[in-house]
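Residues per chain are reported as follows:
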Amino acid sequence: MSKTVIENAYIAPVLGPEIPSGYLVIADGRIESLGAGPAPIVPDAQRIDGTGCLVTPGLVNTHHHLYQWATQGMFQDSTLFEWLTGLYRTWARMDADVVYGAASAGLGWMALTGCTTSSDHHYVFPQGRGDLFDAEVRAARELGIRFHPCRGSMDRGQSDGGLPPDEVVEDRDAILLNTAEIIDKYHDPSFDSMLRVAVAPCSPFSVSEGLMTDAASLARSKGVRLHTHLAETLDEEEHCREQMGCTPVEYMEKLGWLGDDVWFAHAVHLHDADIRRFAETGTGMAHCPSSNARLGAGIARITDLLAAGAPVGLGVDGAASSELTSLAGELRQTMLFQRAVHGPTALTARQALEVGTLGGARNLGRQLEIGSLEPGKLADIAMWRVDGFRAAVQDPVCTLVFGPTPPLARLLVGGRTVVENDELRTVSHDAVGRAGAAARNRLLKEESR
C-alpha cells in the first residue's frame, strides 16, 4: 500500500474545523487521517512539506465546453444568441483531432488552476469527423484528472424553430442510440471512478420536447445524471414563453427534468418559485460567473439558492465565452458578484470555497467521495502557496479567494501528483499548450476550405 504524508500545512477541509498547522496521511488514493500538530511516523511514506501552503480539497468544475478552446477570443462583444449563431458553423468543422487538442489544453488548464474533477458538455457532433467523444476521454485519461463528460445533443434546427442551423443538429433516434452506447462503454459508477458519463441535451432552444423526455428516460434507466443549459439569458425566457407557453424552469418540470439527479448550467434568471423548486427537488446548478458577465447575461441568484438549500457548484463554461478562466478565479468572481448585488456579507470566502468543492461534488452526485477532506474520501487535494508576499494576509482562505490565484504547489488526484510547482507532471506541460493552439489552427483551416 503506497502512502503519502503532507505535513506542516494550513488545512481547510471545508467540512469540520480548519487546522492552522497539521497533516494529512494518504493511503492507496484515499485520505486515511488528518489532524493538528506534527505528522505521525509512517514507514516508507512519501513526505511532502506543506510549510507556507494552504491545503484544500481539489476544485470541481461542473460545466465546460472543452472543444471551444479552439475558438477563444471570437465574437468578443456579442450576446449569447449572437455568439452562438456566429460560431455554430465554425464548430461544425471540428474533427477528433481538434477535440483532442482542445480537450488536452482545456483540461490541463483546469488542473493548473486547482481542478481535480471536471465535467464537459459536448453537444456538436458533425458527421464523418471521427470519434469526438473518445478524443476528449483520451485527453482526460492521459492527464489523470476525474472526468464527467456529458453526451450533449441538438435535434431542433432553424427549420423547426430552433436556434442552430440544420447542418449541426442530429436525428433524435441516432442521438439516443449513440448516447446509450457511450454510457455502456465508458461510464464507471465505482467509488473511485475516474470517468462517469451524463446525458445532456443542449438547451430548450435547440432540443425538441421529445428528445428532452426520451433523454431523461434513458439516463434514469442507465442510472446516470442529467445536465443541460437553462435560464441563461432573458432571451431564453422570452423564447420559452413564446414557444412553450411557460418559463424555462416550468418547462423543465413539465418534462420531468427536476430532481436530485439533475444539474443545470447558468440558471441566471430564476424566479422565487424556481428557487423553491430547486431546493425542494434537490436540483443542482452550475454557476459560471465570468461567462455570464462576458456575454452580458446577468448575475445568478447564488445567495438565494444557497439560503434555500439548493446544490450550487461552479463552472468555467466554454473557453470561447470565458477565455483562459481559472477555476480558482471563479471562487473570487462568485463572491464578488454576490457582494456587488447584496452587500459585503452576502457570501464569505469559505462559502465560496465550499461552492467550488463540495457544492460541485453534490452537482455530480459525488459528495460522499470528493469535495471535502475527510478520512475515507478520495485524496483529491490542492496545495496553494500562501507564503512570500501573500503571507501578509493573516487568513490563508482569504488569500485564496479574495486575491489573485496563488501558485499551485501541488495537485493530487487519488494521491497521484498531477501538478507540481505550477507545472503539469503527468503530461508534457509545453506540448499540451501547443496542442491547444494547433487545434485552433486546424479548425480555422478546415473552416476556410
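Placed above this text is the structure.
Chemist: Quick rundown of the pattern of salt bridges? Include the residues and the values.
Modeler: Pairing between side chains becomes possible if they bear opposite charge and their charged atoms approach one another. Evaluation of the coordinates by the stated rule reveals 27 salt bridges. Of the charged contacts in the structure, one is a salt bridge between R301 and D304, with a shortest N-O distance of 2.9 Å. In this structure R301 comes out as partly exposed when scored by relative accessible area, which is 23%. Exposure remark for D304: the relative accessible area of 27% places this residue in the partly exposed category. The shortest N-O distance in the salt bridge between R366 and E369 comes to 2.8 Å. Neither residue differs from the other here; R366 and E369 are each classed as buried.

Chemist: Account for unusual backbone geometry, naming residues and giving values.
Modeler: For D44, which is not glycine, the phi torsion reads 65° and is therefore positive. Inspection of the secondary structure puts D44 in the loop between β3 (30-36) and β4 (46-49). D44 sits in the exposed class, given a relative accessible area of 80%. The phi angle at A267 is positive, at roughly 45°, despite the residue not being glycine. Along the chain, the position of A267 falls in the loop between β11 (262-266) and α8 (272-281). A267 gets classed as buried once you look at its relative accessible area, which sits at 0%.

The rules behind the values
Residues numbered from 1 in each chain as written. Predicted model: local features only at pLDDT ≥ 70, side-chain atom pairs only at ≥ 80, totals over all residues. Heavy atoms only, no water. Salt bridge = Lys/Arg side-chain N within 4 Å of Asp/Glu carboxyl O. Buried < 20%, exposed > 50% of the residue type's maximum accessible area, 1.4 Å probe, protein only. Helix = DSSP H or I, 4+ residues; strand = E, 2+ residues; numbered from the N terminus.

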